[in-house]
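Structural description and commentary
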Amino acid sequence: MLDVELIAFDSMGVRSMATLVQTPDASVMIDPGVALGPSRYHLPPHRVEVERLREKAAEVAEAARSADVVVVTHYHYDHHDLGGKIPLDVYDGKVLLAKHPTENINRSQREERAPLFLRAVGGRVDRVEFADGRTFEFGGTRVRFSRAVFHGTNPRLGYVVEVAVESGGEVFLFSSDVEGPSLPDQLEFMLEVNPNLVVVDGPMTYMLGFRYSRRSLEESVTNLIRLLEGTRVETLVLDHHLTRDLAWRERVRGVLDAGAALGKRVESAASFMGVPEELLEARRRELYSGTGGRPAQDPGS
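Because the structure is a prediction, the values reported are computed rather than measured. (Residues numbered from 1 in each chain as written. Predicted model: local features only at pLDDT ≥ 70, side-chain atom pairs only at ≥ 80, totals over all residues. Heavy atoms only, no water.)

What follows concerns the pattern of salt bridges. Evaluation of the coordinates by the stated rule reveals 27 salt bridges. The salt bridge involving Glu55 is made with Arg52; its shortest N-O contact spans 3.2 Å. Placement of the pair is Glu55 and Arg52 together in helix H1 (residues 47–65), with a separation of three residues, close to one helical turn. Across the pair Arg253 and Glu250 runs a salt bridge whose closest N-O atoms are separated by 2.7 Å. Overall, the relative accessible area of 31% leaves Arg253 in the partly exposed class. Overall, the relative accessible area of 55% leaves Glu250 in the exposed class. (Salt bridge = Lys/Arg side-chain N within 4 Å of Asp/Glu carboxyl O. Helix = DSSP H or I, 4+ residues; strand = E, 2+ residues; numbered from the N terminus. Buried < 20%, exposed > 50% of the residue type's maximum accessible area, 1.4 Å probe, protein only.)

In structure tokens form, the structure reads like this:
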């Protein structure tokens, strides 16, 4: 009863978690945004990344136009767009379910990003609902939201809402940017909705020891194992911040081993969709060196 398409993710070469969920009653587009890391290894995006960004932006726009409902879990530019890469007409006639723009939100999103976005789409959407902690029904489909939880391990980057889409007894859970989850309240909603399929923004290990602690990594591994053991989840997709690290599988080896022991799949978004993993941001230095079968020329960013 649930058809889930993971359209653009970090394991596919862009910063994004753009996801389309289709049920017999509704088509729900979650976080229609794409971006590139502005600097990695002190290098700007390579031409290969810029090309991939254009490709994925077009795919996200096509999927979003087909949707009845658009969800925006927070106001970072890899989760929504102001028309620079993805045309604003993707919001035309939609029901927009968005993170509350003034409650549980950091200053940059409250004062700049949220109002800019809501002004840009306000005349286009059919209606806007602020979703934190609420449930919406579209025929036999329920779209449930967690209360606001930290973007990561503290409020510095603000808050996000997690999303569960339920139809015909099946549940899909989308974590948004929890960077783990390392905190109990981030895990709480995941356990509560008891999903079949989960897409999680995994630990931010590419900044391990700098902006992400080893303790947070350990807690994330523990919580992900709890998710595998404590719910009916069949497939756990780990991506986004985690797959900016070429060694991501080793970082969360305990989760992969637990999944194997339980007969549950743990994989990247690219693997879930049956396409090659291309961790382009993590490979940026390699791209500039001219290895990997692609010439390193003007990044064109």
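On to helix H3 (residues 184–193), then. Residues of H3 that are buried: Gln186, Leu187, Phe189, Met190 and Val193. Buried residues of H3, viewed axially, fall in a sector of 155°; they line one side. In this fold, the buried residues of H3 make contact with strand E8 (141–145), strand E9 (149–150), strand E11 (163–167), strand E12 (170–174), strand E13 (197–201) and helix H4 (214–230). The positive-phi residue at the C-terminal boundary of H3 is Asn194, with phi of around 50°. (Arc of directions from axis to C-beta. Contact = heavy atoms within 4.5 Å.)

Another aspect to go through is the pairing of strand E4 (residues 69–72). Where burial is concerned, the two faces of E4 agree: the one with Val69 and Val71 and the one with Val70 and Val72 are both buried. Direction of pairing for strand E3 (residues 27–30) relative to E4: parallel, over a ladder of three bridges. Counted as the bridge partner of Met29 is Val70 from E4. As for the winding sense of the linkage, the β-α-β connection from E3 through H1 to E4 is right-handed. In this sheet, strand E5 (residues 95–98) lies alongside E4 in parallel orientation, the contact comprising four bridges. By the bridge assignment for E5, Val72 is matched with Ala98. (Pairing = 2+ DSSP bridges. Right-handed = clockwise from strand over helix to strand, strands pointing away.)

With that settled, the discussion passes to unusual backbone geometry. In this structure, Pro181 follows Gly180 across a cis peptide bond, with omega equal to 5°. Considering the arrangement of structural elements, one finds Pro181 in the loop between E12 and H3. A positive phi angle, close to 55°, is found at Asp31, a residue other than glycine. Looking at the element boundaries, Asp31 is found in the loop between E3 and H1.

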